[in-house]
Each structure stands twice: as structure tokens, then as C-alpha cells.
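Summary of the model geometry
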Amino acid sequence: MRIEGTTNRVMDFLKKNGINLSELSRTSGVSYKLLYASVRDKNRKRELRVDEFLSICEVLEVDPGTFAKEQSMK
């Protein structure tokens, strides 16, 4: 099974919760440039890598499964 749209759901979560990308970068170890390219750049063509995604979830204290289903973000 392939789960699509995870990066978009992470992007929506970060926006909805007013998460600062600079702070998230510092605490997660994911470079700001990569975070921005994945979740803020409107012309985005880059998906989060699994290690980046898991680091973000750990810092945010969010179960990664939260982003697996669209309805869970509503």
C-alpha cells in the first residue's frame, strides 16, 4: 500500500498550528532549506524523506500515523 499526500498533510499541520520552520529545523535536525522546499515552496517538487518525516513527528510529538489518513487532519 502506498500512502500519498503525506508531505501535504504535514504542510497543512504546520500551517494550522503556526509551527516556525526555523525552530523546527533546529530541533529536528532537518535543514531549513529542505524543510522550506518540501512544505512551504508553492512550486514544490520535493517530498519529505522518511527520516525527515520521522524526525519532524518526533519533535512535534505526533504519531506518524496521524498523517496517513486525510480525515485525521480535519
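See the structure above.
Analysis parameters
- Residues numbered from 1 in each chain as written.
- Predicted model: local features only at pLDDT ≥ 70, side-chain atom pairs only at ≥ 80, totals over all residues.
- Heavy atoms only, no water.
- Axes fitted to C-alpha atoms, helices over the stretch in contact; angles between N-to-C directions.
- Helix = DSSP H or I, 4+ residues; strand = E, 2+ residues; numbered from the N terminus.
- Parallel < 35°, antiparallel > 145°, perpendicular 65-115°, else oblique.
- Left-handed = near helix turned anticlockwise from the far one by under 90°.
- Contact = heavy atoms within 4.5 Å.
- Phe/Tyr/Trp six-rings, centres within 6.5 Å; stacked < 30°, edge-to-face > 60°.
- Buried < 20%, exposed > 50% of the residue type's maximum accessible area, 1.4 Å probe, protein only.
- Core = buried A, V, L, I, M, F, W, Y, C linked by side-chain atoms within 4.5 Å.
- Salt bridge = Lys/Arg side-chain N within 4 Å of Asp/Glu carboxyl O.

Things to note about the packing of helix α2 (residues 21-28) against helix α3 (residues 32-39)
When two helices pack together, their arrangement is given by the angle between their axes and by how far apart the axes lie. The contact between α2 and α3 brings their axes to 9 Å, and the two run at 125°. The pairing of α2 with α3 is recorded here as oblique in orientation. In the packing of α2 onto α3, the handedness of the crossing is right-handed. Residues Leu21, Ser22, Leu24 and Ser25 of α2 form the contact with α3, whose participating residues are Tyr32, Leu35, Tyr36 and Val39.

A few points about the packing of aromatic side chains
Enumeration according to the criterion identifies three aromatic pairs in this entry. Measuring from ring centre to ring centre gives 5.5 Å for Phe13 and Phe67, while their planes differ by 85°; the resulting arrangement is edge-to-face. Taken together, the residues Phe13 in helix α1 (residues 6-16) and Phe67 in the segment after α4 (50-60) connect sequence positions 54 residues apart. Both residues of the pair, Phe13 and Phe67, belong to the buried class. On the numbers, 5.9 Å between centres and 75° between planes, the contact of Phe53 with Phe67 is edge-to-face. With Phe53 in helix α4 and Phe67 in the segment after α4, this residue pair connects regions lying 14 residues apart in the sequence. An aromatic cluster is built from Phe13, Phe53 and Phe67, whose rings are joined through pairwise contacts.

Here's the deal with α1
Within α1, burial applies to Thr6, Thr7, Arg9, Val10, Met11, Phe13 and Leu14. Buried residues belonging to α1 abut α2, α3 and α4. Within two residues after α1, Gly18 carries a phi angle of roughly 60°, on the positive side.

Side note on the environment of Glu52
Note on placement: Glu52 falls in helix α4. Here Glu52 is in contact with Val30, Leu34 and Arg46, once residues within four sequence places are set aside.

Topic: the nonpolar core
Counting residues in each nonpolar core, the largest one holds 16 residues, and the members touching the most others are Val10, Leu14, Leu24, Val39, Leu60 and Phe67. Mapped onto this core, the elements with two or more residues apiece are α1, α2, α3 and α4. Once residues lying within four places of it in the same chain are set aside, the contact partners of Leu14 are Ile19, Leu21, Leu24, Val39, Arg40 and Leu60.

With respect to the pattern of salt bridges
In the structure shown here, the tally under the stated rule is four salt bridges. Residue Arg46 pairs with Glu52 through a salt bridge whose shortest N-O separation is 2.7 Å. Relative accessible area serves as the criterion here: at 3%, Glu52 is assigned to the buried category. One salt bridge in this structure joins Glu52 and Arg49, with 3.9 Å as the shortest N-O distance. With a relative accessible area of 46%, Arg49 lands in the partly exposed category. Each of Arg46, Arg49, Asp51 and Glu52 takes part in salt bridges that share partners, so that together they form one network.

Function cannot be inferred from these measures alone, as they are strictly geometric.
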